[in-house]
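Residue strings, one per chain:
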Amino acid sequence: MVIIACPCALGLATPISVMVATGRGATAGVLFKDAAALEKLARVSTLLIDKTGTLTEGRPRLETVEPVPGWTEQDLLRLGASLERASEHPLARAIVEGADGRGIELLPVSNFGSVTGQGVAGTVAGLEVLLGNARLLESRGVAVGALEERARARRERGETLVLVAVNGAPAGLLSVADPIRASTPPALAALVADGVDVVMVTGDSRATAVAVAGRLGLSRVEAEVTPDRKRAVVEEWQARGRPVAMAGDGVNDAPALAKADVGIAMGTGTDVAIESAGITLLHGDLGSLVRARRLSRATMTNIRQNLWFSFGYNALGVPIAAGLLYPLVGWLLSPMVASAAMALSSVSVIANALRLRKVPL
Ligand SMILES: [Mg+2]
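Residues numbered from 1 in each chain as written. Predicted model: local features only at pLDDT ≥ 70, side-chain atom pairs only at ≥ 80, totals over all residues. Heavy atoms only, no water.

Moving on: the pattern of salt bridges. Counting across every chain of the model gives 17 salt bridges. As a salt-bridge pair, Glu66 and Arg150 come within 2.9 Å of each other at their nearest N and O atoms. In this pair, Glu66 sits in strand 3 (residues 61–67) while Arg150 sits in helix 7 (residues 145–155), placing the two residues 84 residues apart along the sequence. On the basis of relative accessible area, Arg150 is assigned to the partly exposed category, the value being 30%. The partner of Glu236 in a salt bridge is Arg229, and the shortest N-O contact between them spans 3.1 Å. The class of Arg229 is partly exposed, set by a relative accessible area of 32%. Three or more residues are tied together by salt bridges with common partners; here these are Glu66, Arg150, Arg154 and Glu159. (Salt bridge = Lys/Arg side-chain N within 4 Å of Asp/Glu carboxyl O. Helix = DSSP H or I, 4+ residues; strand = E, 2+ residues; numbered from the N terminus. Buried < 20%, exposed > 50% of the residue type's maximum accessible area, 1.4 Å probe, protein only.)

Let us now look at helix 4 (residues 73–84). Since the α-helix turns once every 3.6 residues, residues separated by three or four places project in the same direction. An ideal rise of 1.5 Å per residue puts 16 Å on 12 residues; helix 4 measures up with 16 Å between its terminal C-alpha atoms. Among the residues making up helix 4, those that are buried are Leu76, Leu77, Arg78, Leu79, Gly80, Ala81, Ser82, Leu83 and Glu84. (Expected span 1.5 Å × (residues − 1).)

Time to look at the packing of aromatic side chains. Inspection of the entire model under this criterion finds zero aromatic pairs. If you follow Arg240 out to its NZ or CZ, it ends over the ring of Trp237, 3.9 Å from the centre. (Phe/Tyr/Trp six-rings, centres within 6.5 Å; stacked < 30°, edge-to-face > 60°. Lys NZ or Arg CZ within 6 Å of the ring centre and 35° of its normal.)

Here we take up the domain arrangement of the protein. Each assigned domain of the protein is listed here: domain 1 (30–57 + 180–284) and domain 2 (61–177). Contacts between the two partners involve five residues from domain 1 and, on the opposite side, five residues from domain 2. Summed over both sides, the interface between domain 1 and domain 2 buries roughly 340 Å², with carbon and sulfur atoms accounting for 48% of that surface. Counting across the interface, domain 1 meets domain 2 through zero residue pairs in polar contact (both at pLDDT 80 or more). Taken together, the residues of the side of domain 1 that touches domain 2 sort by class into two nonpolar, one polar and two charged. (Domains from an automatic or database assignment. Contact = heavy atoms within 4.5 Å. Buried area = accessible area lost by both parts, 1.4 Å probe. Polar contact = N/O pair within 3.5 Å; in protein donor to acceptor, adjacent residues only side chain to side chain. Nonpolar A, V, L, I, M, F, W, Y, C, P; charged D, E, K, R; others polar.)

The backbone of Ala125 shows a phi angle near 50 degrees, a positive value even though the residue is not glycine. Since its relative accessible area comes to 59%, Ala125 is described here as exposed.

As for its placement among the helices and strands, Leu48 is situated in strand 2 (residues 46–50). The spacing of Leu48 and Ile264 is 216 residues in sequence and 10.0 Å in space, taken between C-alpha atoms. For Leu48, the contacting residues outside a window of four places in its chain are Val199, Val201, Val233, Val234, Trp237, Val244, Ala245, Met246 and Ala247.

Take the side chain of Asp178 next. Within the secondary structure, Asp178 sits in the loop between strand 8 (169–177) and helix 8 (184–193). Buried charge Asp178 goes without a salt bridge, the closest partner of opposite sign being Lys51 at 5.2 Å. A polar contact of 2.9 Å, which involves the side chain of Asp178, links it to the backbone nitrogen of Gly58. A distance of 3.3 Å separates a polar atom in the side chain of Asp178 from the backbone nitrogen of Arg59. Once residues within four sequence positions are removed from consideration, Asp178 is found in contact with Thr52, Gly53, Thr56, Glu57, Gly58, Arg59 and Pro60. (Lys, Arg positive; Asp, Glu negative; His and termini not counted.)

Moving on to the coordination of the magnesium ion. Around the magnesium ion, the donor atoms from the protein are Asp50 (OD), Thr52 (O) and Asp249 (OD), and they sit 2.1 to 2.3 Å away. For the magnesium ion, the donor residues sit on a single chain with the sequence spacing D-x1-T-x196-D. Pair noted here: Thr52 is in helix 3 (residues 51–55) and Asp249 is in the loop between strand 11 (244–248) and helix 11 (254–259), with a separation of 197 residues, a long-range link. The class of Asp249 is buried, set by a relative accessible area of 14%. (Donors = N, O, S within 2.8 Å, 3.2 Å for Na, K, Ca; no water.)

Looking at chain direction, strand 4 (residues 109–115) and strand 5 (residues 119–124) are connected through five bridges and run antiparallel. Across the sheet, residue Ser114 finds its bridge partner in strand 5, namely Val120. Remark: three residues form the turn of the hairpin made by strand 4 and strand 5, two consecutive strands paired antiparallel; Gly117 in that turn has positive phi of roughly 75 degrees. (Pairing = 2+ DSSP bridges.)

Here it is in structure tokens:
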């Protein structure tokens, strides 16, 4: 009776499935850092998801160069990019790369100055150039009415606008957009079809966030969320009593990733985000999140089967070994048969777990 009651199979049931599933995940582009994440992912019904670098590529690109009459696209971009070369803003990089891509030679800049949150100013080829938002241009006495009018339409499409003025007069606008990852729309569609509520959580302006959400068919948006508030947003959703997953890539997402029931980091994101999350999507492919959920579900089913196997052996074996059937049919389990049954229970648990290696995702 002692021999058959050895709970080896019961002890193996969960860890062996988790181990095999973790390996299967790695081949499907998903790294599970802890077993809890693997187990909880299937139960998640709300996914909070960062925009920049998670739904989008996170690398803004120059979209359009729109000069006002009297200026050419080339000259407008040459002045803008020359000035931006001295700036460290991510938008500046997109504009400089855009000029490079179009083979535009940049000019030296003097008297460079930047106003945080507004833009930059400087002298290029003897011209006073201002580049930034409407607030910057207005503060230097430039009438931005017409330029802003044109900017608004583009902003509604999710682009970020930079206004340019030369010698105190509007010269045109440059627009920069962060393209949506190719894997995003099909992945979101699959998650929504699977009953997951997807909510965009972003620090970006409401106009940009709503525009991108609209293109992705997302109706729930939490915009203009400051970095220190992302974690609070996770807590608010958790307070509704449902398991919450959070996906993100940035340093600012890390506290929220750690707080969520399941934290999901983009492999293309920052190390801090990856450290804080239980799951990492290699190559930043959201499609692998859909596969991870299928794997999580398959793993939970597999663990339940294992528990039944091991429990079943014990439930049957222990009473027989204890002589329960002896008075009725004269059965008594010999120690040899008991140890074979015990070994067999472990083998069947392992064999069942190994099936996870082949599970289609
Ligand atoms: Mg981000």
